[in-house]
Amino acid sequence: MSDTAEKAEGRDGWFVDDRCTNCDVARQLAPELIGEIDGRSRMLRQPRDAAETGRLHSAAFACPTRSIRHPGGRLDPALDPFPLELDDTVLLCEWLLPGHGDRRRLAAAEMAHRMRELTARGGVAAPSGRLHRRPLVNPARSRRNATPCLPSRTPDRTPRAPQPATRGRYSGDVSSRHRAIAAYRISSVIPGGRHRKPAGREVMMSGHAQASHIEGTLVERGDAGYESLWASMLWNGLKPARFPDVIVLAASERDVPEAVRLARSRSLRVSVRAGGHSWCGSPLREGAMLIDLSRLRGRTVDPDARTAEVQPGVTGRALVSELARYGLAFPLGHCPSVALGGYLLGGGLGWNPRALGPACAGVLGIEAVTADGEVVSCDAEENPDLFWAARGAGPGFFAVVTRFRLRLYPLPSAITTTAYTFPRADVEPVARWIADIEGELPASVEPGLTLATAGPATSTASPRPTVVSVTATAFADSRQEAVRSLAPLRACPFAERALARKEDEPTSFEAMYDASDAVWPAGHRYAVDTLWSNEDLGTLLALCGDAVAMAPSEKSLVLAPLAPASRNPAHVRNMVFSVLGENYVVPYAVWDDPDQDGANLRWLRRTMDTLEPLGTGHYIAEADLTAGLSRAERSFTPADWERLEALRARYDPEGVFPSYLPR
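Given the structure is predicted, the values throughout are model-derived calculations rather than measurements. (Residues numbered from 1 in each chain as written. Predicted model: local features only at pLDDT ≥ 70, side-chain atom pairs only at ≥ 80, totals over all residues. Heavy atoms only, no water.)

**Brief notes about the sheet that holds strand β16 (residues 400–407)**
An order of β11-β12-β16-β14-β15 is seen for the five strands of this open sheet, with the pairing classed as antiparallel. Looking at which strands have only one partner, the edges of the open sheet turn out to be β11 (299–302) and β15 (375–378). On average, adjacent strands in this sheet sit at an angle of 15° to one another, irrespective of strand direction. Sheet topology places β11 next to strand β12 (residues 307–310); four bridges connect them, and they run antiparallel. Across the sheet, the residue bridging to T300 is E309, located in β12. (Pairing = 2+ DSSP bridges. Helix = DSSP H or I, 4+ residues; strand = E, 2+ residues; numbered from the N terminus. Axes fitted to C-alpha atoms, helices over the stretch in contact; angles between N-to-C directions.)

**Topic: unusual backbone geometry**
Here the bond from S462 into P463 is cis, since omega is -5°, no more than 30 degrees from zero. Within the secondary structure, P463 is located in the loop between β19 (445–453) and β20 (466–476). The amide bond that connects L661 to the next residue, P662, takes the cis arrangement and shows omega of 0°. Residue placement: P662 occurs in the segment after α20 (638–651). A positive phi angle is found at N574, which is not glycine, with a value near 60°. Checked against the element boundaries, N574 lands in the loop between β24 (557–561) and β25 (583–591).

**Side note on the nonpolar core**
Counting 76 residues, the largest nonpolar core has F397, L406 and L644 as its most contacted members. Setting aside chain neighbours within four positions, we find L406 in contact with R306, T307, A308, V310, L319, F330, L340, L344, G362, V363 and L364. (Core = buried A, V, L, I, M, F, W, Y, C linked by side-chain atoms within 4.5 Å. Buried < 20%, exposed > 50% of the residue type's maximum accessible area, 1.4 Å probe, protein only. Contact = heavy atoms within 4.5 Å.)

**Let's talk about the sheet that holds strand β10 (residues 289–292)**
Strand pairing in a sheet takes place through backbone hydrogen bonds and is either antiparallel or parallel in direction. The mixed open sheet is built from four strands, whose spatial order is β7-β8-β10-β9. Bordering the open sheet on either side are β7 (217–220) and β9 (270–273), each of which pairs with just one other strand. The average undirected angle you get between the axes of adjacent strands in this sheet is 20°. Looking at chain direction, β7 and strand β8 (residues 246–249) are connected through four bridges and run antiparallel. Across the sheet, E220 pairs through a bridge with V246, a residue of β8.

**Quick look at the pairing of β8**
Side-chain alternation along β8 places V246 and V248 on one buried face and I247 and L249 on a second face that is also buried. Strand direction decides the pairing type here: β8 and β10, joined by four bridges, are parallel. Paired with V246 across the strands is M289, a residue of β10.

**Overview of helix α13 (residues 427–437)**
Those residues of α13 that fall on the buried side of the exposure criterion are V427, V430, A431, W433, I434 and I437. Down the axis, α13 shows its buried residues gathered within 160° of arc, on one side only. For α13, the elements touching its buried residues are β18 (414–423), β19, β20, α15 (487–490) and α17 (537–549). (Arc of directions from axis to C-beta.)

**With respect to the packing of helix α9 (residues 316–324) against helix α16 (residues 509–519)**
For any two helices packed against each other, the geometry is given by the interaxial angle and the distance between the axes. Where α9 contacts α16, the two axes come as close as 11 Å, and the packing angle between them is 170°. In terms of orientation, α9 and α16 fall into the roughly antiparallel class. Facing α9, whose interface residues are G316, R317 and V320, α16 presents F509, E510, Y513, D514 and D517. Split into classes, the residues belonging to the contact of α9 with α16 amount to three nonpolar, one polar and four charged. (Parallel < 35°, antiparallel > 145°, perpendicular 65-115°, else oblique. Nonpolar A, V, L, I, M, F, W, Y, C, P; charged D, E, K, R; others polar.)

**A short note on the environment of G394**
Mapped onto the fold, G394 is located in the loop between α12 (384–390) and β16. Each C-alpha atom, one on G394 and one on I620, is 6.3 Å from the other, the two residues being 226 residues apart in sequence.

**Re the environment of I434**
Along the chain, the position of I434 falls in helix α13. Separated by 14 residues in sequence, I434 and G448 have C-alpha atoms that sit 8.3 Å apart. The contacts of I434, once residues within four sequence positions are left out, are L449, V470, L489, L537 and L562.

**Quick look at α9**
All of the buried residues in α9 are G316, L319, V320, E322 and L323. Projected down its long axis, α9 carries its buried residues within an arc of 165°, all on one side. Looking at the packing, one finds that the buried side of α9 touches β11, β12, β13 (328–329), α10 (340–345), β16 and α16.

**Points about the pattern of salt bridges**
Applying the stated rule across the entire model yields 37 salt bridges. Note that E286 is salt-bridged to R221, the shortest N-O span being 2.7 Å. A residue pair is termed long-range when its members are at least 10 positions apart, and E286 in the loop between β9 and β10 and R221 in the loop between β7 and α7 (226–232) qualify at 65 residues. Neither E286 nor R221 differs from the other in exposure class; each is buried. Ionic pairing is found between R643 and D385, a salt bridge with its closest N-O pair at 2.9 Å. Of the two residues, R643 is situated in helix α20 and D385 in helix α12; the sequence distance between them amounts to 258 residues. When salt bridges with common partners are traced through the structure, they connect D529, R605, E612, D624 and R631 into a single cluster. (Salt bridge = Lys/Arg side-chain N within 4 Å of Asp/Glu carboxyl O.)

**Some details on the packing of aromatic side chains**
Applying the stated criterion across every chain, the model contains 20 aromatic pairs. Between W641 and Y660, the aromatic rings sit 6.0 Å apart at their centres with planes inclined by 35°, giving tilted as the arrangement. You can see W641 sitting in helix α20 and its partner Y660 sitting in the segment after α20, a full 19 residues away along the chain. In terms of burial, W641 and Y660 fall into one category: buried. Following the ring pairs from residue to residue traces out a cluster consisting of W235, W279, W520, Y526 and Y588. Above the ring of W388, the side-chain terminus of R643 is found at 3.9 Å from the ring centroid. (Phe/Tyr/Trp six-rings, centres within 6.5 Å; stacked < 30°, edge-to-face > 60°. Lys NZ or Arg CZ within 6 Å of the ring centre and 35° of its normal.)

**Some points on the side chain of D426**
In this fold, D426 is placed in the loop between β18 and α13. Owing to a relative accessible area of 11%, D426 belongs among the buried residues under this scheme. Polar side-chain contacts of D426 include one of 3.2 Å to the side chain of R497. (Polar contact = N/O pair within 3.5 Å; in protein donor to acceptor, adjacent residues only side chain to side chain.)

**Some thoughts on the pairing of strand β2 (residues 34–37)**
Looking at chain direction, β2 and strand β3 (residues 40–43) are connected through four bridges and run antiparallel. Within β3, the residue paired with I34 across the bridge is M43. Here β2 hands over to β3 after two residues, with D38 in that stretch at a positive phi of 55°.

Right under this line is the structure:
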């Protein structure tokens, strides 16, 4: 363990002892304080206020092995936020016996979900999601004769043999109350392997699939090929240990309502992926059905109307190429393999944003499948509330979008870039200079700063130093217009101190996509977070520069695009997406060695801990939603969040589509 981790877990403060079995109950209840490091839960840092101390008490009392330890010794029962009386209303499950790792994981996730409901609303969460206050468990029922419980909505009445009487190493520390709360859904996982199917599931699911006429592929947890398919659902090499029960590879738009109805018949929640570029792995939900839309790649262009209809699996590179045939463009994402489904739902911070706004501003309408399996069309006139939410709700959107109608723009014929690279010591004056001249740049210029380790062409030192780069790209219609647009940068007062420079160099979308691939290579491991801020850009980037200099990986970086969603309020009307600050920064932890997961995750959290006191919110599409329960809410204005949650209750009252992680 690193010195920092040792300090965080010093016995003069809260710590996690060796009994930890690496379930994620505590991590879900106190995600900013407890994280997974080296295959077990560890303290990331000590609590800073009463609220954080309260969350640690919740985590400690919820922990099945009581391994979250208070520096004062035993926990005070009076501070237990989950006290339960006991009776004989629920049978117990043997989910804590040795070898029942899946039972632990699934039960832990379910228990944490129930605990959060209880904390937020009072009472005890019932299987239906409603609350009741009746007791939960018979204390007289011992672990030795416990019987597996049944799913809450579609019980399997197949008799099952009792489990052998095996005593776990820490069984004496496990409260029956934890087993009872977790018992509602864990019957879908049985001993004998991480992805074994429950008895009876194969016949029942296959029958449903045939009856619902799904044209694509349906793969269940436990099927041959599940592991490799699961791994392919996220582009990020760092994947969370969350396993859907069913993955449906949709072959057509018709498959989507069929899959939603199938999930409802099985009491499964539904998550969605298009390209799998969610940094925090939002599509992977434990025990859910994951609908993969990546095969839906149809697109049609109407050059006369300057519109296009596209399916969610279309990638940025594919659409750029298609639109160029007609002399048209759209503000697509900076990474070529990002699919439009998640990109547009999250708002879409892409090319030429100061002129065109967020990508969702160019969404004219959608076709979507609601929680009851109904196909609906939405635009400013038809189902306007759902259309409003679809423009920026991101991974918490409560429907499946199967088609987008887009407004297109003329293709710029002279894309041109100017860039300077300076030593990190110059970051404050450089940041203030570019912020000062932003107003002199035409809206068609996209400026931004990058803090990163110098490339070999810039420095041959070992280790290579941290540098700050200023890049501005003009999306112009002629060479003369582009050069004129970038003129304010050629007056850079620090030009003589630049370590590298290029001025007025022609480029293209294809060339910029190739450069992006070099910065974010496939197969690497990534952890990312975002922050809007009204702090002075120089102050903000000085802190970021210090952080990058301390990064355990030379591949890590911080981006600070200027006005990444435009400063024109007309571009963000009639959408839940909001610009939440004057400035915006994105720290990226990038590495390729799994043994360095802990060090890089800690670096990201330390960096965000430093920056967050200066923050005003997050960007929902790239925020690390697992870092705290407030992450999603702080990605919207208070009024928009309230409206969004009201619409969720209206369109998805049964919670078919899960809300934002870590919920």
